[in-house]
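Geometric and topological summary
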Amino acid sequence: MEIKSHEAGDIIVMELEGRFDAYSAPKANEWLEEVMTNRKPPNVIVNLENVVFVDSTALATLVQAMKRCRQLDGDLRLSNLKQPVRMIFELTRLDRAFEIFNLEEEAVGAFTA
Amino acid sequence: MSKAKLSPEARMISTVISGQRSQFRSLADAWQTAGATSLSVWANGARLAAWPKGVIDITPSMSAPIRINGEDVGELVVDGVGNPAAEKALIANAGFISRLARMENELNGMTERLIDTQDQLLAVYGLTEATRNHLELDDLLTQVAKIATELVSCEAAFVLIQQPDGTSKVEHYPEVKLDDELIQSCLTKVADTSEYLLLNLTETEYSRAGLRGLLVHPVVIRDQITAAIGLINKKDAEFEFPDIKLLKVIAEHAGSRMEHLILFQESIEQSKLQVEADLAKRVQLRLLPTKFPEVEGLDLWAGSEPASQVGGDYYAFVDRPDRPFTFCVGDVSGKGMPAALLMAMSRTVMRTKTTVDPTPTPEVILDDCNSELYDDFTEVSMFATVFVGQYHHEERRLMYANAGHSPVVFCPYDGEPVLFEADGTAIGVLPTSLAEDQEVIFRKDDVLVVMTDGFSEASNHDDELFGYDRLLKVVKMLSKKSAKGIFDGLYETIKNFSAGRPQDDDQTMIVIKGV
C-alpha cells in the first residue's frame, strides 16, 4: 500500500492506495503516530479514494488514531470511500463513530467551519 | 660473520653447503688435484665456506656466479688456476650449486606451506575443542577471541557480532584495548569491502594510542557479514600474510560455530513459543462450549476455527433456569495471541454480565461490556464486534443487539433471507455502545446464522470474496436441514469456494433453528 500526503491549511490529508490490511496497517499506523506526535491539534483527513479493501486490523488502526486525535483536541475524518469500503463501514456501524464525507473538500470545509 | 646476520640468499646457500658438505669437499679435492690452492663460496661480500679449512686470505684468480631465479646470490671462487677449461668447469660447478640452492628454496616453500596447513588444522581443532561446549553466545565469542590471541600470538583480540534484533555484542580477550565505537566502525569497514583490514603503525603513530598493529577479518553468518574478529598488536612483530591466512581460517570456523549457536538458540525460542502457543490453544478451546445446551424450541450447532494457532473469535451460550437462553458471537480485530487474550477477557465479561445482571437484555449486556472493556481495548488499539441474541420461548421471541457484527442472516421459513445489520459500533470504539434491542418472532423452521467475517470474506483464486449474496442464497438453499446440516453445508460450501487458499481469518459460526 502506498501512502501520500498533502496539506490543506492546518489539516493534513493522508492518501492511501491499494489494500489496507494487516500487512499494510503498521505502515499507516507509524505515519499516523508521527502526525499525532508532531501536529497540535492533529487534524487529519484520510482520503480512501484509492483503497480497494480494508480488513479489521485496518479498521482498528483508524479507530485508534481517531480516538487519539480526539483526545488531543483534533479529529480524524474520512473521505472519498469507494462503495465496497463504505459498505464495510456501514456494516460495522463505524459510520456512527467516524465523520465520513463524500469529498475531501467537504471534510476540509467541515474542519474550518 | 654470525649466522643471524646472513641475508636470506646467503642462508640458503649456507644450508646447501651444510647439507652437502662431503660433496663440496670432494669438489674442492678435485680442484686441488687440478692445481687450485683453494675453493670457497661467497655471498653478500662474506665468505660462507672455504676448502681446505683454515685458509684465510684468498686471492681469487677465478669466480663464477651462483644464481637463483635469474639473480646473482653468491659466488664460487677458486684460487691458483686460471685457464678457459677451468673457467668452464667452475661455471658448471656454480650452476650445479645454483640448482641445489633452488631445490632447497622450493623445499623450504613446501615445508612452510605444510606448516601453514598444519597450523590451520590445529587452529580449527583448537577452536572446535574450545567452543564445543559453549551454548551461550558471550562464552563462544570470548573463546574465539582467546584462541585467536593464542594462535596468532598477539596481545589481545575482540569479537563483535551484530545480532538479529539489531543490537551488537562485543567480547574482548584478555582485556579491552579498543573502544566499542572503533570496533563497530571496523565491522562496518570490513562488511563494506568484504576484505580483511590491516594496519601496521609506525612507532610515532602508535606511541600515543598504544596500538601498533590491527588485523580485522570479516565473519560471515547466514551469508552476511554480521561479525568480525580483530587482533591487536602481534607480539614482537607486525601482522603479515601468514597471520591473515590463519585469521581467515579462524573467522570461517568461528562464523559457522556462531551460526549454529544462533540457530540453536532460535530453535529453543521457537519451541518455547510453540509450547506456549499449544497451551494457549488448549486453554482457548476450553473456553468454547464443547456441549451445546438443550433449549426448548431450538435446534442449535456451533463451531470455531482459528486462522493461526489461537484466534480472536469466540462464541458462548448462557443457559440458566432463571434467565432466557442467551448466546453471543464475537470477533476481536486482529489475530494471534493479542486477539486471543482480548477474546478471553470479552468472553468472561460477557458471561458475567449475562449471569449477574438482573434483567440482562442484549442491549444492556453490550453496553455493560463496552463500559467495562473500553479502556482496555483502547490501550491495545483493538475492538470487538459482538452479536448477542436472547430467546424467550413462551412468546417465541428472539431479541438481539448487534455491536458492529456481520454477517448475521435471518431466514424465515416462509420468506427470503435477510441480514440483521448492526446499529451499534463495535465494543471499544466509542465510550458508549449505540446498539439497541431489536426483536423478531422466531417460529418453527426459521433459521438464524451468526458468522464471523472469516467466512464471508473468504476468497477464491481470483481474489473474489464469498460475499453476502452467495451467503444469503446458500442459507436459503440449506434452510430445510437441521442446524448441524446447515452448519456443515455452509462450512463445506465456503471451504470449496476458497479451495486451496489458506484460511486468512478466524471462522466462527452459530446456527439456530426453530423446532
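All values derive from a computational prediction rather than experimental measurement. (Residues numbered from 1 in each chain as written. Chains lettered and ligands numbered in written order. Predicted model: local features only at pLDDT ≥ 70, side-chain atom pairs only at ≥ 80, totals over all residues.)

So, on to the overall build of chain B. Scanning chain B from terminus to terminus reveals twelve helices and 19 strands. Counting across all 515 residues of chain B, residues that qualify as buried make up 39%. The contacts of chain B with a sequence gap of at least 6 include a subset with a gap of at least 24, amounting to 65%. (Helix = DSSP H or I, 4+ residues; strand = E, 2+ residues; numbered from the N terminus. Buried ≥ 20, exposed ≤ 12 C-beta atoms within 10 Å, placed from the backbone. Contact = placed C-beta atoms within 7 Å.)

The next point concerns the overall build of chain A. Secondary structure summary: chain A contains four helices and five strands in total. Counting from the amino terminus, helix and strand elements in chain A follow one another as β-β-α-β-α-β-α-β-α. Within chain A, the fraction of its 113 residues that count as buried is 46%. Pairs at least 24 apart in sequence give 69% of the contacts found in chain A among residues at least 6 apart.

Tracing the backbone through its elements, the reader meets B:A254 in helix α7 (residues 241-287). Residues within four places of B:A254 in sequence aside, it is in contact with B:L127, B:V144, B:V219 and B:I229.

Now for helix α5 (residues 180-193) of chain B. All names here are of chain B. With 14 residues, α5 should cover 20 Å at 1.5 Å per step; its first-to-last C-alpha distance of 20 Å lies within 8% of that length. For α5, every residue scored as buried is listed here: I183, C186, L187 and V190. One side of α5 holds all its buried residues, which, seen down the axis, span an arc of 100 degrees. Facing away from the buried side of α5, by more than 90 degrees, are the exposed residues E181, S185, D192 and T193. Against the buried residues of α5 lie β5 (154-162), β6 (168-173), β7 (197-200), β8 (213-221) and β9 (224-234). At the exit of α5 stands S194, carrying a positive phi of roughly 55 degrees. (Expected span 1.5 Å × (residues − 1). Arc of directions from axis to C-beta.)

To continue, consider the nonpolar core. Counting residues in each nonpolar core, the largest one holds 101 residues, and the members touching the most others are B:I427, B:V449, B:I510 and B:V511. Ranked by size, the runner-up nonpolar core spans 41 residues in total, among them B:V144, B:L160, B:V170 and B:F239. (Core = buried A, V, L, I, M, F, W, Y, C linked by C-beta atoms within 7 Å.)

All names here are of chain B. As paired elements, strand β3 (residues 62-68) and strand β4 (residues 71-79) share seven bridges and run antiparallel to each other. Note on β4: the bridge partner recorded for I66 is G74. In this structure, the hairpin formed by β3 and β4 is closed by a connection of two residues, where N69 is found at a positive phi of approximately 50 degrees. (Pairing = 2+ DSSP bridges.)

All names here are of chain B. A large share of strand β13 (residues 384-392) lies buried, amounting to eight of its nine residues. Relative to β13, strand β12 (residues 325-332) is paired through eight bridges, and the arrangement is antiparallel. Its bridge partner being in β13, F327 is matched across the sheet by G389.

Glancing now at the sheet that holds strand β10 (residues 298-305) of chain B. Sheets are built from strands that pair by backbone hydrogen bonding, the pairs being arranged parallel or antiparallel. Read from one edge of the open sheet, five strands run β10-β19-β18-β15-β16 (chain B), paired in antiparallel fashion. Taken across any chain shown, the strands that pair with only one partner, and hence form the sheet edges, are β10 and β16 (418-419) of chain B.

At the junction of the two partners, chain A supplies 13 residues and chain B supplies 18 residues. Per-class residue counts for the side of chain A that touches chain B are six nonpolar, four polar and three charged. (Nonpolar A, V, L, I, M, F, W, Y, C, P; charged D, E, K, R; others polar.)

Moving on to unusual backbone geometry. Following A:K40, the chain continues into A:P41 via a peptide bond in cis, with omega recorded as -15 degrees. Position of A:P41 relative to the elements: it lies in the loop between α1 (25-38) and β3 (43-54). Omega for the bond connecting B:S406 with B:P407 falls within 30 degrees of zero, at 0 degrees, which places this linkage in the cis form. The topology assignment puts B:P407 in the loop between β14 (397-403) and β15 (408-411). Unlike most non-glycine residues, B:R222 shows phi in positive territory, near 50 degrees.

For the rest of this paragraph, the subject is the sheet that holds β3(B). Residue and element names in this part refer to chain B. Overall, antiparallel pairing links the four strands, which are arranged β2-β1-β4-β3 in an open sheet. Lying at the two open borders of the sheet, with one neighbouring strand each, are β2 (46-51) and β3. Adjacent strand axes in the sheet meet at a mean angle of 25 degrees when their direction is disregarded. Of the strand pairs in this sheet, strand β1 (residues 38-43) and β2 are connected by five bridges, and their pairing is antiparallel. Looking across to β2, one finds that S40 is bridged to A50. On the sheet, helix α1 (residues 8-19) packs against β1, β2, β3 and β4 and is oriented at approximately 15 degrees with respect to β2. Seen against the sheet, helix α3 (residues 84-131) touches β3 and β4 and runs at an angle of roughly 25 degrees to β3. (Axes fitted to C-alpha atoms, helices over the stretch in contact; angles between N-to-C directions.)

Attention now goes to the confidence of the model for chain B. In this model, chain B carries a mean pLDDT of 87, and residues with pLDDT of at least 70 account for 97%. Among the prediction metrics, the complex's ipTM stands at 0.85, with pTM recorded as 0.62. (pLDDT = per-residue confidence, 0-100.)

What follows deals with the environment of B:T188. All names here are of chain B. You can see T188 is positioned in helix α5. The partly exposed category is assigned to T188, around which 13 C-beta atoms lie within 10 Å. Between the alpha carbons of T188 and A228 there is a distance of 9.4 Å; along the sequence they are 40 residues apart.

A few words on helix α4 (residues 104-112) of chain A. Residues and elements named next belong to chain A. Every buried residue belonging to α4 is among E104, A107 and V108, and all of these are buried. Looking down the long axis of α4, one finds its buried residues gathered within 100 degrees of arc, a one-sided arrangement. Among the exposed residues of α4, those pointing more than 90 degrees away from its buried face are E105 and G109.

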